[in-house]
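Single-letter residue listing:
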Amino acid sequence: MVTLLDYISLFGHGIAAALFGALAIWQYQRTADRNDKHIWLIIAIALTSFWALSIAVEGYFSPISRFAETLRNFGWLAFMFILLRAGEGRDEPKTVNTIYVALTFVLVGQMLVDSLLPAFAGSPRLEGVTLYTSLVLRMIFAVGALVLVHNLYSITAPETRWGIRLPMASLAAIWTFDLNLYTITYLTQQTPVELYAMRGPMMAVIAPILALASIRNTEWNLKLSRSVAFRSLSLVAIGSYLLMMVVIATALQIIGGDYARLAQISFLFGATIGALLLLPSGRFRAWFKVKLAKNFFQHRYDYRSEWIRFTNTIGRPGADSAPFHERVIKAIADITDSPAGLLLVPDDAGQLVLQSRWNWSSVEVPARACMARTSAFFEDTSHIVEFDTLRAGQDDKCDAAVIPDWMNQDERIWVAVPLVHFDRLAGLMLLARPRVNRKLDWEDLDMLRVVGRQVASYLAEYRSQESLSEVQRFDEFNRRMAFIMHDIKNLVSQLSLLARNAKRHADNPEFQVDMIDTLQDSADKMNGLLERLSQHNKSNPEEPKSVKVGELIQSTIEKKRLLHKLESNQVEDLTVFADPARVDQILGHLIQNAIDASTEEQPITINAHRRDLSVAIEVCDRGTGMSNEFIRSQLFKPFVSSKQGGFGIGAYEARELAQAMKGRLEVESVEGVGSRFTLILPLAKHLPEEISADERAA
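Presented here is an overview of the structure given in this document. Predicted, not measured: the structure shown is a model, and the values here were computed from it. (Residues numbered from 1 in each chain as written. Predicted model: local features only at pLDDT ≥ 70, side-chain atom pairs only at ≥ 80, totals over all residues. Heavy atoms only, no water.)

**A short note on empty space enclosed by the protein**
Part 1: Considering all chains together, one arrives at 1 cavity of 30 Å³ or more under this definition.
Part 2: There is about 30 Å³ of room inside the largest cavity.
Part 3: Lining the largest cavity are Glu69, Asn73, Gln110, Arg138, Phe141, Ala142, Trp175, Asp178 and Tyr182.
Part 4: Those elements that place two or more of their residues in the lining of the largest cavity are helix 3 (63-85), helix 5 (124-155) and helix 6 (162-188).
Part 5: Looking at the lining of the largest cavity residue by residue, the classes come out as 4 nonpolar, 2 polar and 3 charged. (1 Å grid on protein atoms, 1.4 Å probe; cavity = no way out; pocket = protein on both sides within 12 Å on 5 of 7 lines; lining within 4 Å. Points joined across faces, edges and corners; volume = space filled by probe spheres on them. Helix = DSSP H or I, 4+ residues; strand = E, 2+ residues; numbered from the N terminus. Nonpolar A, V, L, I, M, F, W, Y, C, P; charged D, E, K, R; others polar.)

**Here's the deal with the pairing of strand 10 (residues 614-621)**
Part 1: In terms of residue burial, strand 10 counts as a mostly covered element, since 8 of its 8 residues are buried.
Part 2: Judged from the 7 bridges that link them, strand 9 (residues 604-611) and strand 10 form a sheet pairing that is antiparallel. Counted as the bridge partner of threonine 605 is cysteine 620 from strand 10.
Part 3: Hairpin remark: strand 9 followed by strand 10, antiparallel, with 2 residues in the connecting loop; positive phi at aspartate 612, about 55°.
Part 4: As judged from the 8 bridges shared by strand 10 and strand 12 (residues 674-682), these two strands associate in the antiparallel manner. Bridge assignment links glutamate 618 to a residue of strand 12, and that residue is threonine 678. (Buried < 20%, exposed > 50% of the residue type's maximum accessible area, 1.4 Å probe, protein only. Pairing = 2+ DSSP bridges.)

**What to know about the environment of lysine 545**
Part 1: Within the secondary structure, lysine 545 is located in strand 6 (residues 545-548).
Part 2: According to the relative accessible area criterion, lysine 545 is partly exposed, its value standing at 40%.
Part 3: Spatially, the C-alpha atoms of lysine 545 and aspartate 579 are 6.2 Å apart, while their sequence positions differ by 34 residues.
Part 4: Sequence-distant contacts of lysine 545, that is, excluding residues within four places in its chain, are made with Val576, Phe577, Ala578 and Pro580. (Contact = heavy atoms within 4.5 Å.)

**A short note on helix 1 (residues 4-30)**
Part 1: The first and last C-alpha atoms of helix 1 sit 38 Å apart over 27 residues, in line with the 39 Å expected at 1.5 Å per residue.
Part 2: Residues of helix 1 that are buried: Ser9, Gly12, His13, Ala16, Ala17, Phe20, Leu23, Ala24 and Gln27. (Expected span 1.5 Å × (residues − 1).)

**Some words on the packing of helix 2 (residues 36-58) against helix 3**
Part 1: Between helix 2 and helix 3, the least distance of the axes is 8 Å, while the angle of their chain directions is 160°. With respect to helix 3, the element helix 2 is oriented roughly antiparallel. Seen from above, helix 2 lies across helix 3 with left-handed handedness.
Part 2: Of the residues assigned to the contact of helix 2 with helix 3, the class counts are 17 nonpolar, 4 polar and 5 charged. (Axes fitted to C-alpha atoms, helices over the stretch in contact; angles between N-to-C directions. Parallel < 35°, antiparallel > 145°, perpendicular 65-115°, else oblique. Left-handed = near helix turned anticlockwise from the far one by under 90°.)

**A closer look at the sheet that holds strand 9**
Part 1: Taken together, the 5 strands give an open sheet; going across it, the order is 7-9-10-12-11, and neighbouring strands pair in mixed fashion. The strands lining the two open edges of the sheet, one partner per strand, are strand 7 (566-567) and strand 11 (664-670).
Part 2: On the sheet, helix 19 (residues 580-597) packs against strand 7, strand 9, strand 10, strand 11 and strand 12 and is oriented at approximately 25° with respect to strand 10.

**So, the sheet that holds strand 3 (residues 385-386)**
Part 1: Reading across the sheet, the 5 strands line up as 2-1-5-4-3 and stay open at both edges, with antiparallel pairing between neighbours. One side of each edge strand has no neighbouring strand; the edge strands of this open sheet are strand 2 (352-358) and strand 3.
Part 2: Across 6 bridges, strand 1 (residues 341-346) lies against strand 2 in antiparallel orientation. Along strand 2, the bridge assignment pairs proline 346 with leucine 352.
Part 3: On top of the sheet, helix 12 (residues 324-335) reaches strand 1, strand 2, strand 4 (413-421) and strand 5 (424-432); it is set at about 75° to strand 2, its chief contact.
Part 4: Across the sheet, helix 13 (residues 372-381) touches strand 2, strand 3, strand 4 and strand 5, and the angle it forms with strand 5 is around 100°.

**With respect to the packing of helix 1 against helix 2**
Part 1: It is at 8 Å that the axes of helix 1 and helix 2 come closest, and there the two elements cross at 160°. Between helix 1 and helix 2, the angle falls in the class roughly antiparallel. Considering only the axes of helix 1 and helix 2, their crossing is left-handed. Residue-level contacts link Ser9, Leu10, His13, Gly14, Ala16, Ala17, Phe20, Gly21, Leu23, Ala24, Gln27 and Tyr28 of helix 1 to Leu41, Ile42, Ile45, Ala46, Thr48, Ser49, Trp51, Ala52, Leu53, Ile55 and Ala56 of helix 2.

**Observations regarding the environment of alanine 46**
Part 1: Position of alanine 46 among the secondary structure elements: in helix 2.
Part 2: In this structure alanine 46 comes out as partly exposed when scored by relative accessible area, which is 36%.
Part 3: With 21 residues separating them in the primary sequence, alanine 46 and isoleucine 25 have C-alpha atoms 8.5 Å apart.

**So, helix 19**
Part 1: For helix 19, which comprises 18 residues, the first-to-last C-alpha distance of 26 Å matches the rise-based estimate of 26 Å (1.5 Å per residue) to within 8%.
Part 2: Taken as a whole, helix 19 has its buried residues at Arg582, Val583, Gln585, Ile586, Leu587, Gly588, His589, Leu590, Ile591, Ala594 and Ile595.

**Here's the deal with the nonpolar core**
Part 1: Within the largest apolar cluster, 44 residues are counted, with the highest numbers of intra-cluster contacts made by Trp76, Met80, Phe141, Leu171, Trp175 and Met203.
Part 2: Those elements that provide at least two residues to this core are helix 1, helix 2, helix 3, helix 4 (94-116), helix 5, helix 6 and helix 7 (193-216).
Part 3: Beyond its immediate stretch of four places on either side in the chain, tryptophan 175 contacts Arg72, Asn73, Trp76, Met80, Phe141, Ala142, Ala145, Leu146 and Val149.
Part 4: Val547, Val549, Ala578 and Val583 belong to the second largest nonpolar core, which has 37 residues in total. (Core = buried A, V, L, I, M, F, W, Y, C linked by side-chain atoms within 4.5 Å.)

Pasting the structure below:
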């Protein structure tokens, strides 16, 4: 008995066959100069017409109808693939090709399974397995095809996306209908005849939409962007995971016998636990990202996204953000998925020293992190060192002798990236080994080289800003000096008036009393000004000469002995070549700092001994001490002081005075234990010009 649904199916599929047939003929006639895109569009439309006609003539479940549906899907799949390959302005990802190949195998498997249905017609068990397999394969194809539709639309550049909006919507409608149809059939284990009947009218509606799309986009030229999103791959993974669970659960039900339910529950529980363990794992995500970039994309990096992330990391300061140098390390480390890093920068002598760490407190970095020739090598070559290759003796561009032993021996150090700005080394970045170890390829090296130059410019700008800030602070200090000079001018005016009046009233007792009070007041004010200016009240420097170290130290102890307990355990009979006033001023600064850091019971020790061609004068205290971070970044910065009301110029001025005499100032300190400041000056019998730079650095 023929029902209404039969008539709907017959006429719906018949009209769809006619419309798609007419559309195929129209497409064939309107394009004389046909390319691959036009040819496969015509083939896909013609196969759709053949499929609709076979259902109208033979019914839903006839072998020819199943075969025609497979051909229809293959035609549209091939058209989408040709459209993707012909897109302009793209770097082709291997991922999408893999999905197309996988779906092609699904269609081939579907044809093979459908061909077995007549052979298993006499065996209900085998026929049931074959039907379920065919159904699952159709569901898999529908999911994969929808992912590819989404993918093709999302990677199309916005300016050309309008040209494929209608055909992609039409294909999405076809395969969404198929997915719902086969899912309901699978879940209910019954044939939804209503949905099968409505496929014809639905296809008849889609034919005019495709015709309109052909009018709007005659050449089918697309401009594709590289945003082949991981979200498409996520859909593939999710769909594959769900379908795999459905297939395996069904297979267990068919072949499991009495233990089918237990086997299904065990599999679902195990698969769920496995997913919960793997997905949150940082190592698994890193491995997945590496494999995805290596096998699925021609280029490892999405340069636009990486650049946005890089600039946001460095250029987004705030109250809750990391310090600038830590952000610099993180910006480069994130590019290669490195979990930690170190930043070495040149000090005032051009030696590389540790500037900052990011997530890497366990690495011991020497005070002088590198040799002088290390900086010269990286400055001249800008060579990125991959330590695994260097340790294996395979890096022919790097001289292993210039790499410090502590870098080469630490297996955690993965890569060294020189930061070169205008042929000058602004720093050296050391990156930790990523969670999933891998070798750097040409694209990694190009990326690190470019961001290294950019980071070097940021570091240079940062140092320039610091220098400018110091200049501005000096300018502010000079403005304050103007007020002090104004007070001195007033005092001088008062003293000048007093001296002039003294010539006339020197014998007057009352004047004498007033004069004494005025002088005392002026002296008090002058002393107040001198106290405020004591760190900057430098006398005219004398030419360096031979000076006995013991006499200098003894004189200093005599001046300061009423202020604090001073000791001198070892003072060798040595003579330095220096300016006594400057040495006295330096020792005054160092002793005063030691007094400020110590309690009354803690003595301060001053010793002097020979060190090679120099004399080392040590000022040691057992006070509060200083952190390495404070010594490196703040101790010698002008106007930075840890003392209440301090100018922060004492240590800065002491170092400048030492350098002016061809000497230097060294600092060692441990928090809670104490500090040792060492003034290094040349021996008197060796003139400064005779002392080489290497000897002074010893």
